[in-house]
Amino acid sequence: MKFFVKTVFFCIISVSAFAQGTRLLRQPALSATHIAFEYGGDLWVSDFATQKVVRLTSTAAVESNPHFSPDGQQIAFTSNWSGADAIYTVSINGGEATRHTWHPSSATARGWTPDGSKILYSSIREIAPSNYERLWAVPAKGGASTMLAKQWGTNGSYSPTGEKIAIDRIDRWDVEWRSYRGGQNTPLIILNLKDFSETLLPNERSTDIQPLWLGDLVYFLSDRDGVANIWSYSPATAALKQLTKFTGADVKWLTGHGNKLAFEREGYLHLLDLITNATTQLNITINGDFPWANTKWEDVSKNVRSVSLSATGKRAIIEARGEIFTIPVEHGDARNITQSSGAADRSPIWSPKGNQVAWFSDQGGTGYSLMIAEQDGLSKPKSISIGESKLGWEPTWSPDGKYIAFTDDDVRVRILDVQSGAIQTADVGGTNLERGEMGLTWSTDSQWLAYAKTGSNGFRSILVWSLKDKSINQITDSFADSFSPAWDLDSRHLYFLASTDLALGSGWANTSSITSDPAYSAYVINLRNEDPSPFIPRSDEETVEEEKAAAKDSDKDKDKKKTDSKKDKDAK
């Protein structure tokens, strides 16, 4: 069954009441007269004199990484218009872009040579079977690319003379990992292109990226003070200096020209005057035609998640692309009961009686809340605050309809009173990986909540929480990995899955467990002491029926009497 949602996308376009201008401007590039940037997958340019914004590209592809030529008339950039990322150039006045690289390996624009004759880019070409980038240069007027050096290089910036280049060697797989201090953090280097000697910039295992060589200094971003800020390094004196001291949000991108630096922070573009050290946030407003922002119908039948059946089993409620639908199991049409493309609606469930449905939603813009509405979607939903919880997972309605249990962003097991809206915390999970994986399930009398929780040894155990006295009892062995509890409808048994041979696989980084293949089985627990064990040994045995044995004894007596009588007659 296919079902559709009428989707309205909201692009962030400022109006005159907002002095900040448009947000989400990214990857600035700077010349003496213009600033270029990426927004909405296209390249834009604005001149400082008139502040007029011109759209340079308008394609279905993604254009990024703009870099001004030294004369400020051309912009080199990356685009996947042809399928793989390749290097293009376009005039600052717009017009048709020119493609410069044709190798099947992707290429990312990184800058220009000081004389403007070549475009610098990074690529994984010619390094198979490994997978790392090196720096290449391609003639701006067309021609074959040449490799700068065999040294790894994901980004680089030439010295004013072009004899040296500052290089960031590592392409980080997670650029948003704050305070990362792992193996991806390597020092920036200054590579001499004549003898290939190297000078390492001072590094404190910090994330040092975005090298930019301007004049006598190399500028770069570093989080060595806890937040990514702009620093400078003098190749002549080896002196380090911190230029910005932002707290909170990181500086995301760095470029520069002359005595000015441009950078991206909190979605806005800023200028840093290197003479006065003053920063200014640019006020750039984008007005454009965005086909992806048009209202349209979307087939979301392939994005189904969070399925819950109604009490009768005739319909199911699902989440798809942030909308909530009910769909028939056999006959009828799908119904969009939220119709709120501007909100994220998550994790729908059906009430035990089947007359209501509930889900989490961020509608209103103040965080997530629990929404409860009639199942037909014709009434306005009731919004219930989930308190200090930022988001909820695996909501579970108690059979009596009075409570909804869920886990939140702090892995707390929360119990919401549907009538009063009061929330209490029943327990806290063992690890933050348990969000949405604790298997919350109510007993048939709504007095107990069962769930799985990870212990200090990494194994999960089944616990039950009492609504009456708030007590918590662990009912499975700590040396078995147990999960997925399920109450029997007879209220006398609890089923779950468990494995007792998981030890080798308990640590994901333990290479000795590479061949471990633990097996899980279904288990059952008696909930009442007086109930007999379902596993009492049984044995089929042969039995002798007493009536037949007595009949045989009677026949023997009759036969004996006849024999005795005959003997008496013969004796006479």
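Just above, that's the structure.
Reading guide: rules and limits
Residues numbered from 1 in each chain as written. Predicted model: local features only at pLDDT ≥ 70, side-chain atom pairs only at ≥ 80, totals over all residues. Heavy atoms only, no water. Helix = DSSP H or I, 4+ residues; strand = E, 2+ residues; numbered from the N terminus. Rg over C-alpha atoms; globule rule 2.2 N^0.38 Å. Buried < 20%, exposed > 50% of the residue type's maximum accessible area, 1.4 Å probe, protein only. Contact = heavy atoms within 4.5 Å. Areas by Shrake-Rupley, 256 points an atom, 1.4 Å probe, with all protein chains shown as cover. Lys, Arg positive; Asp, Glu negative; His and termini not counted. Charge placed at Lys NZ, Arg CZ, Asp CG, Glu CD. Pairing = 2+ DSSP bridges. Axes fitted to C-alpha atoms, helices over the stretch in contact; angles between N-to-C directions. Salt bridge = Lys/Arg side-chain N within 4 Å of Asp/Glu carboxyl O.

Undergrad: Where do I start with the overall build of the chain in this structure?
TA: Along the backbone of the chain there are one helix and 45 strands. Relative to a compact globule of 572 residues, whose C-alpha radius of gyration would be 25 Å, the chain shows 36 Å and is clearly more extended. Counting only C-alpha atoms and orienting by the principal axes, one finds that the chain spans roughly 150 × 60 × 45 Å. Here the chain holds 572 residues, and the buried ones make up 44% of them. The contacts in the chain between residues at least 6 apart in sequence include a share of 38% that link residues at least 24 apart. Of the roughly 31,200 Å² of accessible surface on the chain, 50% is carried by carbon and sulfur atoms. Treating the 60 positive side-chain charges of the chain as one cloud and the 70 negative ones as another, the clouds have centres 1 Å apart.

Undergrad: What's the story with the environment of arginine 305 in this structure? I'm lost.
TA: The topology assignment puts arginine 305 in strand E27 (residues 304–309). For the pair arginine 305 and isoleucine 423, spaced 118 residues apart in the sequence, the C-alpha separation amounts to 26 Å. Among residues more than four places away in sequence, those in contact with arginine 305 are Ile318 and Glu319.

Undergrad: Looking at this model, I keep getting lost on the sheet that holds strand E17 (residues 198–200). Mind explaining?
TA: Sheets are built from strands paired through backbone hydrogen bonds, the pairs being either parallel or antiparallel. Across the sheet, four strands lie side by side as E14-E15-E16-E17; this open sheet has antiparallel pairing. On the outer flanks of this sheet lie strand E14 (155–158) and E17, each paired with one strand and no other. Mean inter-strand twist for the sheet, computed between neighbouring axes without regard to direction, equals 25°. Two strands pair when backbone bridges link them, and E14 and strand E15 (residues 164–168) are joined in this way by four bridges, in the antiparallel orientation. If you follow tyrosine 158 over to E15, its bridge partner there is isoleucine 165.

Undergrad: Hey, could you run me through the pattern of salt bridges in this one?
TA: Once the charged atoms of two side chains with opposite charge are near each other, the side chains can pair. Counted according to the given criterion, the structure contains 19 salt bridges. In this structure, the salt-bridge partner of glutamate 163 is lysine 194, at a minimum N-O distance of 3.5 Å. In this pair, glutamate 163 sits in the loop between E14 and E15 while lysine 194 sits in the loop between strand E16 (189–192) and E17, placing the two residues 31 residues apart along the sequence. Looking at glutamate 163, the relative accessible area reads 39%, which means it is partly exposed. Lysine 194 gets classed as exposed once you look at its relative accessible area, which sits at 63%. Of the charged contacts in the structure, one is a salt bridge between arginine 346 and glutamate 319, with a shortest N-O distance of 3.1 Å. You can see arginine 346 sitting in strand E31 (residues 345–350) and its partner glutamate 319 sitting in strand E28 (residues 315–320), a full 27 residues away along the chain. Since its relative accessible area comes to 2%, glutamate 319 is described here as buried.

Undergrad: When you look at the pairing of strand E2 (residues 26–30) in this model, what are you seeing that I'm missing?
TA: Consecutive residues of a regular strand have side chains that alternate between opposite faces of the sheet. Most of E2 is tucked away, with four of its five residues classed as buried. Relative to strand E3 (residues 34–39), E2 runs antiparallel, the two sharing three bridges. For arginine 26, the partnering residue across the bridge sits in E3 and is glutamate 38.

Undergrad: Got a minute to help me understand the sheet that holds strand E41 (residues 460–466) in this structure?
TA: Here four strands make up an open sheet; going across it, the order is E39-E40-E41-E42 and the pairing antiparallel. Each having just a single partner strand, strand E39 (441–442) and strand E42 (472–474) make up the two edges of the open sheet. With seven bridges joining them, strand E40 (residues 448–454) and E41 adopt antiparallel strand pairing. Pairing of alanine 452 across the sheet is with isoleucine 462, part of E41.

Undergrad: In this structure, what is going on with the pairing of strand E43 (residues 481–487)? I would like to understand it.
TA: As paired elements, E43 and strand E44 (residues 493–499) share five bridges and run antiparallel to each other. Across the sheet, the residue bridging to tryptophan 487 is leucine 494, located in E44. Linkage of E43 to E44, two consecutive antiparallel strands, is achieved through a turn of five residues, within which serine 491 is found at a positive phi near 60°.

Undergrad: How do you make sense of the side chain of arginine 134 when you look at a structure like this?
TA: With respect to the helices and strands, arginine 134 occurs in strand E12 (residues 134–139). For the buried arginine 134, no salt bridge exists, and the shortest N-O distance to an oppositely charged side chain is 5.0 Å, to glutamate 126. Leaving out residues up to four positions away in the same chain, arginine 134 has contacts with Tyr121, Ser122, Ser123, Arg125, Glu126, Ile127, Met147, Ala149, Lys150, Gln151, Trp152 and Gly153.

Limitation: the analysis is restricted to geometry and does not speak to function.
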